[in-house]
Structures are given as structure tokens and as C-alpha cells.
Amino acid sequence: PGLVGELAERLGATVGVDNDVNLAAIAERNRGVAREAGSFTLLWFGSGLGLAIDLGGTLLRGARGGAGEIGYMPLRPDDTGTDLHGLVGGRAVLTLAAGHGFPAATPEAAVASAIGAGATPFVSALAERIALAVATVAAVLDPPLVVLGGDVAQAGGAVLRDAVAHAFAAATPFDTPIAVTALTDDAVLLGALDAGLRAVRETLIDSLRHTPVAPLPTPL
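Conventions we followed
- Along every chain, residues carry numbers that run from 1 in the direction the sequence is written.
- In view of the model being predicted, local features appear only for residues whose pLDDT reaches at least 70, and side-chain atom pairs are presented and counted only at 80 or more, with totals across whole chains, interfaces and linings using the full set of residues.
- Hydrogens are left out, water is left out, and the side-chain values use all remaining heavy atoms of the structure.
- Whether two strands pair depends on DSSP finding at least two bridges between them.
- Labels follow the DSSP assignment, with helices taken as runs of H or I lasting at least four residues and strands as runs of E lasting at least two, numbered in each case from the N terminus.
- Contacts were defined at the residue level, with two residues in contact if any of their heavy atoms lie within 4.5 Å.
- A fitted line through C-alpha atoms serves as each axis, taken over the contacting stretch for helices, and the angle formed by two N-to-C directions is quoted from 0 to 180°.
- Note that the term roughly parallel is reserved for angles under 35 degrees, roughly antiparallel for angles over 145, roughly perpendicular for angles of 65 to 115, and oblique for everything else.
- Residue type decides the class: Asp, Glu, Lys and Arg count as charged, Ala, Val, Leu, Ile, Met, Phe, Trp, Tyr, Cys and Pro as nonpolar, and the leftover types, Gly among them, as polar.
- The term nonpolar core refers to a set of buried residues drawn from Ala, Val, Leu, Ile, Met, Phe, Trp, Tyr and Cys, joined through side-chain atoms within 4.5 Å.
- For every residue, the accessible area (1.4 Å probe, protein chains only) is compared with the maximum for its type, and the residue is labelled buried under 20%, exposed over 50%, or partly exposed between those bounds.
- Counting of polar contacts relies on pairs of N or O atoms within 3.5 Å, with two restrictions inside protein: one atom must be capable of donating a hydrogen and the other of accepting it, and residues adjacent in sequence are counted only when both atoms are side-chain atoms.
- Each salt bridge in this description consists of a side-chain nitrogen of Lys or Arg and a carboxyl oxygen of Asp or Glu lying within 4 Å of one another.

**Let's talk about the sheet that holds strand β5 (residues 178-180)**
The mixed open sheet is built from five strands, whose spatial order is β3-β2-β1-β4-β5. The strands lining the two open edges of the sheet, one partner per strand, are β3 (58-59) and β5. Sitting on the sheet, helix α2 (residues 20-31) is in contact with β1 (40-45), β2 (49-55), β3 and β4 (146-149), with an inclination near 125° to β1.

Have a look at this one:
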């Protein structure tokens, strides 16, 4: 509590704070595969799991900022873990990869290693889990596009996207288009940059609107 105000005071500037996945969605909207989309959802797979919901360029945040916390979606007791974090979060991906012979320090390293080795069984198993998360989003929101983002999606690329699309089509009646992020840099940092630039532009435009205009001189 009070951190944002303290930062603003020390920096002598306006400070904004946002969810990391929402910032990644801003970058995807401005720079990635969602540039032409009317609306889209971004499913973020990394050390954690998250969801950003873009409705025509406006992010849906919910009544208390909790919209998109899909990782806490509870699962049946007989499923792996107790929520979606336990099924497809970073630790779950590492455990799944190790079980297929690909131990790694990070989930994205495990995915990249497995895909590089052509490990179809691991990719298929991971894709089936991700497809469950996509199905949850499709059933609730019916978005025109689902973008797979985050370090795991970047490491998996088109191979993982195709496997997820196949598993999703086999398990659900939905025909939701699925894309993988086109961003190769830090999507959260890019989104923060875009959000900051937009805030500056809006401030400048607002100041121009409220700047009094000097009357024209009376012609002689």
C-alpha cells in the first residue's frame, strides 16, 4: 500500500501500474498477430498462467481487477493439481517435461528442447492441457481469436500452436481461431512502452483542448 504514490513522488512523474498479461496484450494489439483483430484474448503461459481480454481495443479488467485470473479456475479433484495452474502452470510443465525425459530449469527451456528433439509425445500431452484452457476461454467468452503468448508459447511457436489447435478441435465443438504470439522480445516491456506513449499522447491532446486560444486581432 502506498507504493505507487511513493514512486510518483520520488520520480516526480505520473506512475501507472498494470497487470503483466494486460500489458502483453497491449503489445500484441499494437505489434503482434492481433493488430487486425476486432477483439481477442491472450492466454499467457510462462512461470504462471494468465488471460487478457481485449474488447475492441479496451481491456476487460473486472469489478476488482481480477478478470483473466484463469489460473485459479478449479478442476475436478481427480485432475492434475487443483486448478489450471496445477495443470499447465510453469511447475506443471516442468514436471510433465521431466516425465518425458526433458528436465530443464525453466518451462520454456523444456519446451524448446523437446520441440528441437521432435518429442511429439510431450508436445501432444502439453497441447492437450493447453487446449483445456483454450476451451474454458472459448466456452465463456467465444472470442474471435485466441493468442497463445508468454515464454512457453514463444518457445513452442507454430509447432505447439498446431498441436493445441488439433487437440482443441478434437475435444470441443468450437471453431475458435488459435494463433501464437509473433513477438520475440519482452512482450510485457513492449506493452508498458506502448501504454506509456499512449498516456503521453492523451495528456498532450487533453492539454491542447484546454489551452485558451488568443482572439484574432481586429482588422483595421
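**Remarks on the packing of α2 against helix α8 (residues 187-209)**
The angle between the axes and the distance between the axes are what describe a pair of packed helices. Two elements in contact, α2 and α8, have axes separated by 7 Å at closest approach and are oriented at 75°. With respect to each other, α2 and α8 are oriented roughly perpendicular. Between α2, through D20, L23, A24, I26, A27, N30 and R31, and α8, the contact on the second element is made entirely by A187, V188, L190, G191, A192, L193, D194, A195 and R198. Residues that form the contact of α2 with α8 fall into these classes: 10 nonpolar, two polar and four charged.

**What to know about the nonpolar core**
Soluble globular proteins tend to pack their nonpolar side chains together in the buried interior. Among the nonpolar cores identified, the biggest contains 41 residues, and L43, F45, F122, L126, I130, V134 and L148 are the most heavily contacted of them. Here this core gets 12 residues from one element, more than from any other, and that element is helix α6 (residues 120-141). Discounting residues that sit within four places of it in the chain, I130 has contacts with F45, V88, L148, L160 and V164. By size, the runner-up hydrophobic cluster in this structure holds 19 residues, among which are L23, V147, A179 and A187.

**Digging into the side chain of D194**
Within the fold, D194 resides in helix α8. A polar contact is formed between the side chain of D194 and the side chain of R31, at a distance of 2.8 Å. When sequence neighbours within four positions are dropped, the list of residues in contact with D194 reads I26, A27, N30 and R31.

**A look at the pairing of β2**
Burial within β2 is extensive, with six of its seven residues counted as buried. Summarising the sheet, β1 and β2 pair through six bridges and their orientation is antiparallel. Opposite F40, over in β2, you have D54 as the bridge partner. Connecting β1 to the next strand, β2, in antiparallel fashion are three residues.

**Digging into the pattern of salt bridges**
With the rule as written, the count across this model stands at five salt bridges. Between D54 and R29 there is a salt bridge, with its nearest N and O atoms 2.6 Å apart. Of this pair, D54 sits in strand β2 while R29 sits in helix α2, placing them 25 residues apart in sequence. Accessibility classification places D54 together with R29 in one group, the buried group. Residues R31 and D194 are paired through a salt bridge, measuring 2.8 Å at the closest nitrogen-oxygen approach. Residue R31 is found in helix α2, and its partner D194 is found in helix α8; the two are separated by 163 residues along the sequence. Among the residues examined, R31 registers a relative accessible area of 33% and is labelled partly exposed. Overall, D194 belongs to the buried group, its relative accessible area being 9%.

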